Each structure stands twice: as C-alpha cells, then as structure tokens.
Amino acid sequence: MSADEWAIRAEGVSKKFGLTLRQSMKYGMRDVGRKLVGRSSTTDVLREGEFWAVNDVGFELHRGEALGIMGVNGCGKTTLLRILNGVYAPDKGRVEVRGRVGALIAAGAGFAPMLTGRENVYVNGALLGLSTKEIDGLMDEIIAFSELGEFIDLPVKNYSSGMFVRLGFAIAAMSRPDILLMDEVLAVGDLNFQKKCYDHILQLKRNGTAIILVSHAPGAIWAVCDRGLFLDRGRVHVDGPIEDVIRAYDDQNSKNARRSDIQFSQAEAHAQQAGELQAVAGPLGQSEKRPGTGDVICTDFRVLSVNGDGQVSELEFRQPFIIEVDVTVIRPVENFILRVVLDAVHYRSIVTLDNYEQGSPIPLLQPGKYTFKIEVSNQNFRPGAYAFNVSVVSKHVGTHLFLWWKCAHLVVLSPRDQFLYSEPNAVMHFDAEFTHSALDGDK
Ligand SMILES: Nc1ncnc2c1ncn2[C@@H]1O[C@H](COP(=O)(O)OP(=O)(O)OP(=O)(O)O)[C@@H](O)[C@H]1O
C-alpha cells in the first residue's frame, strides 16, 4: 500500500437506534422475520421511536494521516468508531478498510475476565489477525509497554480500569496496525502513561498508520490530528483542519453552557449594565467570554507598561509588562486559581501564568471585587502577534469557572534587522552564546 492510498473510507454511513430497548427488540425481530421470508429490509428508514445516532458520515483517510473526531456527549462518536471497527453493521452506507485495524474503544471491552492478561493478549492478538508465533514475538514488548509486570499473569477481572487501558493500548499499538481507532479511554491512564501512548501514536503515524482519535480533550486531538470531523447529532458539521473542528466543539460547548447557566447570564447582565465587561477583537481571533460555573466573572483585562504609561498593545522586544485582571467573585471559591495563557499566531498555550504555579496559592476567595496584578519582568517573545486568554479554575472543580478567550492582543516589535532572516514560526527567544572552532587540520 503506497502512502497516498486511502487506508479507510466511509461513505454515507448511518446507524439508527431505538429510544427504548423494548422497541429496538420488537423492530429487530421484525427485521429478522422480513429477511427470512425474503422481503425487503426496512433498515434505511426511521420508524417510530428511532433516531439516527450516526447520519450520512463520509470521509477518506490516507496512510500516515490522523483524523480527530469531536462532538458533545451522545453525538455518535463511539457508535461511528464501532461501525468502523466492524462491531456494528451500518444501516446505510459502507465502510472499506485496507489492512489490519487495531482499536481501543472501551476500557476492558474485548477481554475475557477469567483469563489472565497474558492469555487475553493471545485472544486479542488472534482477533487482530496475528498468528500465535507473531504474538509470541510481541509478548515481551507488550508486557514492557503496559508496565504490568507480574500482573500480566493475573486474571483480568482483578484489573483496575487503568490496567485495562495499559494492556488494551499495548496490544492495539504493538501489533503495528495499519489503522488505529482510539476512543477517549486513554484519559483513564496516569499522565506518564498517557504521554508515552501519545508519543507512540505519533511514532505509528510517522510509520504510516492511519489514526482516528475520538476525544473531548482539544490538546490531545491537536497534538495528534491534522484534520477532523465535528459531529452534531450524528451528522458531520465540520470536515476540515483540526483547528476548525476544535473551535466548533468549543463553540458548541459554550452555547450549551450558556443555555444551562442562567446564573451566569444574570451575573453577566449585571456586569454589563454596570459597564464592567469589555470585549476586544483583533487579528488573533474574536474575543469571547465562555461561561463556566457562574461562580466568578472576569470583568476587565489590561496589559500595561511598567513605567505608568497606561495600557499597551505593542511592546518592544524584551520590554517588561504588567497584566491587571478585574475579577468579581459571586460565590466563595476554594483553591482559587487565576490563569493567564498566551497564544501565538499558529500556536495555542505557549506560556501560562497562574498564581498556583507561581507559588501564590489562594485557599479561599470570598465574594467581592478584586484586581489581580501580574508583573512580567522577563518576557522573551520573538517579534510577532500574541493573544491572551484568561480563565479562573479551582483545584477541585474539573471545569473552568470562567473563561475569556482572546481578552487582549499584543504585538512584540522587531528590533532593527536582528530577526530578518530567522524562522518565522518560532515564538521564544533564548539568550545563547555562539562560538565556533575549526576542526583539526581545517583553517
Ligand atoms: N446500543 C445502543 N442502543 C441504543 N442507543 C444507543 C446505543 N449506543 C449508543 N446509543 C445512543 O446513540 C447516541 C450516540 O451515542 P455514542 O455513544 O455514539 O455518543 P458519543 O458521541 O460517543 O458520546 P460520549 O461523548 O458521551 O462518549 C446516544 O444517544 C446514545 O444514547
């Protein structure tokens, strides 16, 4: 198979489910009956109480490409992966694959609980199409990657969810599949293991494996995938560069959050009436406030010069600056963290500044109005355009309490012609000493 050939192709793929188990079973038995007497199938139309979980999805993925699939809960991501993996037959459309498909869709799925990890490697390997000899050859590598040690000879019914993922990923990835399908499951593993897995996924991609990754984590999707699909109620709404897909996902999430968070809207309306909320737009994207839990809002964000000249939107190379953020706390927040993140033109999150990381924890912040001041003395950005995002998080809450996307923009000016010939995509400047010496015999 050459690099420009497709590895997996889906065309008009659709899958429907019944809203209730009873109805699904009734329709299922009726379909079998129709088939037995040679009558046409009714799989391509919706009957009462059915809905399309995946609706007319099509794409083509080549070797060495990675496709990210994003969408809010229940939009059909896992169902689509299961169709691609052959677990479900589509009701409409078709899927074609070239080569071996490795899949990690649900932690623990596909393992026989009474068998040991080692025995399950043989069973899973055989399902992947590997011979016993091939599995023998891979066994040490799989055990080493999974870091299960002597637990490999324990029945898997005693495994934790993290151990399932370790073994599942090790089998799927070490078998060097032509196509690797991955659902959110990696998030179960600890951070070191996740990092190791992502390194390995990128290695597989470089070696020509086509990857499909489903995740709610923009960072993971962005790190691995070049393009993606954004699904909404089973349909493809965005098919394009991964940045567009992440943005569509972010937008949908914030719309949903806005719908469900009346308290935030009230707090925001109050702040707007009081003239406290400002919006800034510029070349690095539109400013947008994303509601979180409604406990906190950031009402203003300023970038200031250190010599009292007020707000700045341009800085000289190396010029220090001050950030001020006005924050209104509506309900008490434990372990309050104010986080400012800087993006550059082609990059997200190149620098993060948060009070917890900088050694200034805030165990409890009571309702009230606050101004946070952050003095940055050693900025070393290369000339270019940058954008700020500000968020409030709490150590014990798994989502942001408030997020203000692109709350300010900044241009770092170029000093003379020093940067004229340099790499335009680079962001940071390090001070470094360059020396050179002639090799023996050379002048
Ligand atoms: N076996 C099934 N029988 C009936 N309905 C199902 C079945 N599997 C999934 N569904 C429904 O199909 C829709 C899509 O589910 P799916 O698991 O594919 O979503 P998802 O995008 O992977 O969600 P999440 O982000 O929560 O994992 C949901 O409404 C779900 O309830």
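In what follows, the structure referred to is the one given above.
All values derive from a computational prediction rather than experimental measurement.

1. Brief notes about a nonpolar patch on the surface
Part 1: Side chains of Val32, Leu36 and Val37 sit close together on the surface and give an oily, nonpolar patch of about 340 Å² of accessible area.
Part 2: Within the secondary structure layout, Leu36 lies in helix α1 (residues 21-36).
Part 3: Judged by its relative accessible area of 73%, Leu36 is exposed.

2. Points about the site of the ligand
Part 1: As a structural note, the neighbourhood of the ligand is formed by 13 residues, with Gly74, Lys77, Thr78, Thr79 and His216 the closest of them.
Part 2: Between the ligand and Gly74, the relevant distance is 2.8 Å, taken from an oxygen atom to a main-chain nitrogen or oxygen of the residue.
Part 3: In this structure, Thr78 approaches the ligand through a side-chain N or O atom, which is 2.6 Å from an oxygen atom.
Part 4: A total of three residues in the shell around the ligand trace back to one element, the largest contributor, which is helix α2 (residues 77-84).
Part 5: Across the shell around the ligand, the residue classes tally to six nonpolar, six polar and one charged.

3. A look at the side chain of Asp183
Part 1: Among the structural elements, Asp183 can be located in the loop between β6 (179-182) and α6 (191-206).
Part 2: No salt bridge is formed by the buried Asp183; its nearest oppositely charged neighbour, Arg82, is found at 6.4 Å.
Part 3: Looking at Asp183, its side chain comes within polar contact range of the side chain of Thr78, at 2.9 Å.
Part 4: Sequence-distant contacts of Asp183, defined by excluding residues within four places in its chain, comprise Thr78, Leu81, Leu104, Ile105 and Val214.

4. Considerations on the packing of aromatic side chains
Part 1: Going through the model one piece at a time under the given rule, you end up with ten aromatic pairs.
Part 2: Ring plane angle 55 degrees and centroid distance 6.5 Å describe the contact between Phe17 and Phe51, whose orientation is recorded as tilted. Residue Phe17 is located in strand β1 (residues 6-18), and its partner Phe51 is located in strand β2 (residues 50-62); the two are separated by 34 residues in the primary sequence.
Part 3: Under the relative-accessibility criterion, Phe17 is labelled partly exposed at 25%.
Part 4: With a centroid separation of 5.7 Å and 75 degrees between ring planes, the pair formed by Phe17 and Tyr88 is classed as edge-to-face. Of this pair, Phe17 sits in strand β1 while Tyr88 is found in the loop between α2 and β4 (92-97), placing the two residues 71 residues apart along the sequence.
Part 5: Taken together, the aromatic side chains of Phe17, Phe51 and Tyr88 make up a single cluster linked through ring pairs.

5. Let's talk about the pairing of strand β14 (residues 333-344)
Part 1: In terms of burial, β14 is largely enclosed, as ten of its twelve residues are buried.
Part 2: Where β14 lies against strand β16 (residues 362-365), three bridges are found, and the strand directions are antiparallel. In the sheet register, Glu334 faces β16, and the bridge partner there is Leu364.
Part 3: Relative to strand β18 (residues 384-394), β14 runs antiparallel, the two being bridged by nine bridges. Along β18, the bridge assignment pairs Ala344 with Tyr386.
Part 4: Bridging between β14 and strand β15 (residues 347-354) involves five bridges; their strand directions are antiparallel. Bridge assignment links Leu342 to a residue of β15, and that residue is Val351.

6. Observations concerning the pattern of salt bridges
Pairing between side chains of opposite charge can happen when the charged atoms of each approach one another.
Part 1: On inspection of all chains with the given rule, the structure shows 21 salt bridges.
Part 2: With its nearest N and O atoms 3.0 Å apart, the salt bridge here joins Lys205 to Asp226. Of the two residues, Lys205 sits in helix α6 while Asp226 sits in the loop between α7 (218-224) and β8 (227-232), which places them 21 residues apart along the sequence.
Part 3: Relative accessible area serves as the criterion here: at 14%, Lys205 is assigned to the buried category.
Part 4: The exposure class assigned to Asp226 is partly exposed, which follows from its relative accessible area of 39%.
Part 5: Here Asp431 makes a salt bridge to Arg318, at a shortest N to O gap of 2.5 Å. A residue pair is termed long-range when its members are at least 10 positions apart, and Asp431 in the segment after β19 (402-412) and Arg318 in the loop between β12 (314-315) and β13 (321-329) qualify at 113 residues.
Part 6: Through salt bridges with shared partners, one network takes in Arg9, Glu11, Glu60, Arg94 and Glu96.

7. Details of unusual backbone geometry
The bulk of non-glycine residues show a negative phi, and the bulk of peptide bonds are trans.
Part 1: In this structure, Arg318 takes a positive phi of about 75 degrees despite not being glycine.
Part 2: According to the relative accessible area criterion, Arg318 is partly exposed, its value standing at 34%.
Part 3: Despite not being glycine, Lys406 shows a phi value in the positive range, around 55 degrees.
Part 4: Counting through the fold element by element, Lys406 comes out in strand β19.
Part 5: A residue is classified by how much of its surface remains accessible, and Lys406, at 6% relative accessible area, is buried.

Conventions we followed
- Residue indices begin from 1 for each chain and proceed along its sequence in written order.
- Given that the model is predicted, a residue must reach a pLDDT of at least 70 before its local features are reported, and side-chain atom pairs must reach 80 or more before they are shown or counted; all residues, however, enter totals for whole chains, interfaces and linings.
- Based on all heavy atoms of the structure, the side-chain values leave hydrogens and waters out of the count.
- Patch definition: residues with relative accessible area over 30% and no salt bridge; like charges joined within 9 Å; nonpolar side chains (Val, Leu, Ile, Met, Phe, Trp, Tyr) joined within 5 Å.
- Reported accessibility uses the Shrake-Rupley method at a 1.4 Å probe radius. Residues are deemed covered only where the shown protein chains occlude them.
- Each salt bridge in this description consists of a side-chain nitrogen of Lys or Arg and a carboxyl oxygen of Asp or Glu lying within 4 Å of one another.
- Secondary structure counts use DSSP, requiring at least four H or I residues in a row for a helix and at least two E residues in a row for a strand, with both numbered from the N terminus.
- Categorising residues by exposure relies on relative accessible area from a 1.4 Å probe, with only protein chains included: less than 20% of the type maximum marks a residue as buried, more than 50% marks it as exposed, and the intermediate range marks it as partly exposed.
- Working definition: residue near molecule or strand if any one of its non-hydrogen atoms lies within 4 Å of it.
- N or O atoms closer than or at 3.5 Å make up a polar contact, with two conditions inside protein: a donor-capable atom paired with an acceptor-capable one, and, for residues adjacent in sequence, both atoms drawn from side chains.
- Throughout, the ten residues Ala, Val, Leu, Ile, Met, Phe, Trp, Tyr, Cys and Pro are labelled nonpolar, Asp, Glu, Lys and Arg are labelled charged, and all others, Gly among them, are labelled polar.
- A residue counts as positive if it is Lys or Arg and as negative if it is Asp or Glu; His and the chain ends are not included.
- Contacts are assigned to residue pairs that have any heavy atoms within 4.5 Å of one another.
- The aromatic pairing rule takes the rings of Phe, Tyr and Trp, using the six-membered ring of Trp, and pairs them if the centres are within 6.5 Å, calling planes under 30 degrees apart stacked, those over 60 edge-to-face and the rest tilted.
- DSSP bridges decide pairing: two strands pair if at least two such bridges lie between them.

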